[in-house]
Amino acid sequence: MTAAVATASLRRTFGSVVAVDDLTTSLPRGGVIGLVGPNGSGKSTLIRMLLGLVRPSAGTAEVLGEPITDPRAYAGQVGALVEGPAFVPGLSARANLVSLARLRRLPVSRVDEVLGAVGLTGRDREPVRRFSLGMKQRLGIAAALLPDPALLVLDEPTNGLDPAGIVEIRALLQDLGRSGRTVVVSSHLLSEIESICTHLVVVRFGVLLYNGTVADLLARAGTHVDVAPEHAADTERLGRVLADAGWHVTTPAPGRLRVAADGDAAAAVNRAAAGAGITLRALTATRDTLESVFLQMTGGDGGEPAAGRAAAARPVPAAAEGGAR
Ligand SMILES: Nc1ncnc2c1ncn2[C@@H]1O[C@H](COP(=O)(O)OP(=O)(O)OP(=O)(O)O)[C@@H](O)[C@H]1O
């Protein structure tokens, strides 16, 4: 079967800003695919190109095996939510969906199905203006589901939602992914979507940093031993002792040291400290979380200001090397 999405050297610039930078990638069919990267990483631009809303500056891409130069060839198989959904606030959820179905020449019988799929059955006769943001997002997803799409593309569907709303949308997306569809969901926060994704695409400044399964990304997670001397004044000396013993040591917080090593090294770290006459008040072995692997890959920033972005060199941190497939 062809990939859900395949891109080859896909590029889009806006003036001097390279929003999507020679992106070559392939997304499998089925499941929930997370497209993650800090703000301004080119996620929306990529999605818009795939939907035929923005033209590439260079390169090619296919959606469900059809070239993006002819979006009409796949439009009927793709549902999308790329902006806050626009509904008539005074009309009910049902009336909004019925008019959308008519407008798009889709069977009105789909309305009950999509209301059920997003859990709005029973609330469908209420005017949309009474809906919470989470319910509006559900309704937006319902609208995207009207054509019964093989591919559903949702740009930041959890943006602006409260924690309960995020949990709701996550559960819904997971259900949709299990139903055999391919669900592509973007977010600038890995933590918001990591639990539901089967596959992750990580971008930064338009550059692909990782494309693969969540399990493979987790396998890259390193382990470390956090150590704190009983007396904070001993921190620097302990750091030297551990570095002299051959470990890579960093200082994540005052009075605390982080030794890059697996959990088995904890006893050796303890012995090295004791040998130097330093007692410890804390010694913990920890595996890096997916979030910390992601932050290492994306530089740990919360996004890139426009001026910095254009000028940004694009070093791919060591953790990401070889990740782009
Ligand atoms: N129409 C446009 N005109 C000019 N610059 C644009 C346009 N669209 C996007 N950009 C720029 O391209 C870069 C990528 O933006 P894009 O919105 O694709 O990123 P994003 O990862 O979706 O960000 P966010 O998480 O903030 O939505 C940004 O620097 C943005 O300012």
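Residues numbered from 1 in each chain as written. Predicted model: local features only at pLDDT ≥ 70, side-chain atom pairs only at ≥ 80, totals over all residues. Heavy atoms only, no water.

(A) Looking closely at the packing of helix α2 (residues 93-103) against helix α3 (residues 110-117). Axis separation between α2 and α3 bottoms out at 10 Å; the angle between their running directions is 130°. Classified by the angle between their axes, α2 and α3 sit oblique to one another. Of the two possible hands of crossing, α2 and α3 adopt the one that is right-handed. Across the interface between the two elements, R94, L97, V98 and A101 of α2 pack against V111, D112, V114 and L115 of α3. In terms of residue class, the contact of α2 with α3 is built from 6 nonpolar, no polar and 2 charged. (Axes fitted to C-alpha atoms, helices over the stretch in contact; angles between N-to-C directions. Helix = DSSP H or I, 4+ residues; strand = E, 2+ residues; numbered from the N terminus. Parallel < 35°, antiparallel > 145°, perpendicular 65-115°, else oblique. Left-handed = near helix turned anticlockwise from the far one by under 90°. Contact = heavy atoms within 4.5 Å. Nonpolar A, V, L, I, M, F, W, Y, C, P; charged D, E, K, R; others polar.)

(B) Broad picture of helix α5 (residues 163-178). If you check α5, its first and last C-alpha atoms are 23 Å apart, about what 16 residues at 1.5 Å a residue would give, namely 22 Å. Along α5, the residues classified as buried are G165, I166, I169, R170, L172, L173, L176 and G177. One side of α5 carries all its buried residues, which in axial view fall inside an arc of 165°. Exposed and facing more than 90 degrees away from the buried side of α5 are P163, A164 and R178. (Expected span 1.5 Å × (residues − 1). Buried < 20%, exposed > 50% of the residue type's maximum accessible area, 1.4 Å probe, protein only. Arc of directions from axis to C-beta.)

(C) Seen up close, the confidence of the model for the protein. In the predicted model, the protein carries a mean pLDDT of 87, and the fraction of residues at 70 or more is 91%. Of the regions scoring below 50 in pLDDT, residues 304-325 engages in 44 contacts with residues more than four places distant in sequence or in other chains. (pLDDT = per-residue confidence, 0-100.)

(D) How the structure looks around the pattern of salt bridges. Evaluation of the coordinates by the stated rule reveals 14 salt bridges. Where D124 meets R94, a salt bridge forms, and the shortest distance between an N and an O atom there is 2.7 Å. Placement of D124 in the loop between α3 and α4 (133-145) and of R94 in helix α2 is noted, with a sequence separation of 30 residues between them. Since its relative accessible area comes to 6%, D124 is described here as buried. Residues joined by salt bridges that share partners form a network here, namely R110, E113, D148 and R181. (Salt bridge = Lys/Arg side-chain N within 4 Å of Asp/Glu carboxyl O.)

(E) Inspection of helix α9 (residues 266-275) at higher detail. For α9, the full list of buried residues reads A266, V269 and A273. Buried residues along α9 cover an arc of 60° about the axis, so they all sit on one side. Residues of α9 that are exposed and point over 90 degrees away from its buried face: R271, A274 and G275. Tucked into the core, α9 has its buried residues touching β11 (223-229), α8 (235-244), β13 (256-260) and β14 (280-287). One or two steps after α9, the chain reaches G277, where phi turns positive at roughly 75°.

(F) Quick look at the side chain of S41. Examined against the element boundaries, S41 turns out to sit in the loop between β3 (31-36) and α1 (43-50). Its relative accessible area of 2% is what places S41 among the buried residues.

(G) Layout of the nonpolar core. Within the largest apolar cluster, 50 residues are counted, with the highest numbers of intra-cluster contacts made by L97, I141, L173 and L200. Here the element with the most residues in this core is α4; it accounts for 7 residues. The contact partners of L97, leaving out residues within four places of it in the chain, are V111, V114, L115, L139, A142, A143 and L146. Counting residues in each nonpolar core, the second largest holds 25 residues, with L10, I33, V203 and L208 among its members. (Core = buried A, V, L, I, M, F, W, Y, C linked by side-chain atoms within 4.5 Å.)

(H) Region of the structure containing the site of the ligand. Around the ligand, a shell composed of 13 residues is seen, among which G40, S41, K43, S44 and T45 lie nearest. The contact in question runs from an oxygen atom of the ligand to an N or O atom on the side chain of S44, over 2.8 Å. E156 places a side-chain nitrogen or oxygen 3.2 Å from an oxygen atom of the ligand. Expressed as a share of its isolated accessible area of 630 Å², the protein-covered part of the ligand is 61%. The element contributing the most residues to the shell around the ligand is α1, with 3 residues. Split by residue class, the shell around the ligand holds 4 nonpolar, 6 polar and 3 charged. (Near = heavy atom within 4 Å. Polar contact = N/O pair within 3.5 Å; in protein donor to acceptor, adjacent residues only side chain to side chain. Areas by Shrake-Rupley, 256 points an atom, 1.4 Å probe, with all protein chains shown as cover.)

(I) Highlighting the packing of α4 against α5. Remark: α4 packs on α5, axes separated minimally by 10 Å, with the N-to-C direction vectors making an angle of 20°. It follows that α4 is roughly parallel to α5 by the angle criterion. You can see that α4 and α5 cross each other, and the crossing is right-handed. Of α5, the residues touching α4 (which contributes G134, Q137, R138, I141 and L145) are E168, I169, L172, L173 and L176. Its residues placed into classes, the contact of α4 with α5 shows 6 nonpolar, 2 polar and 2 charged.

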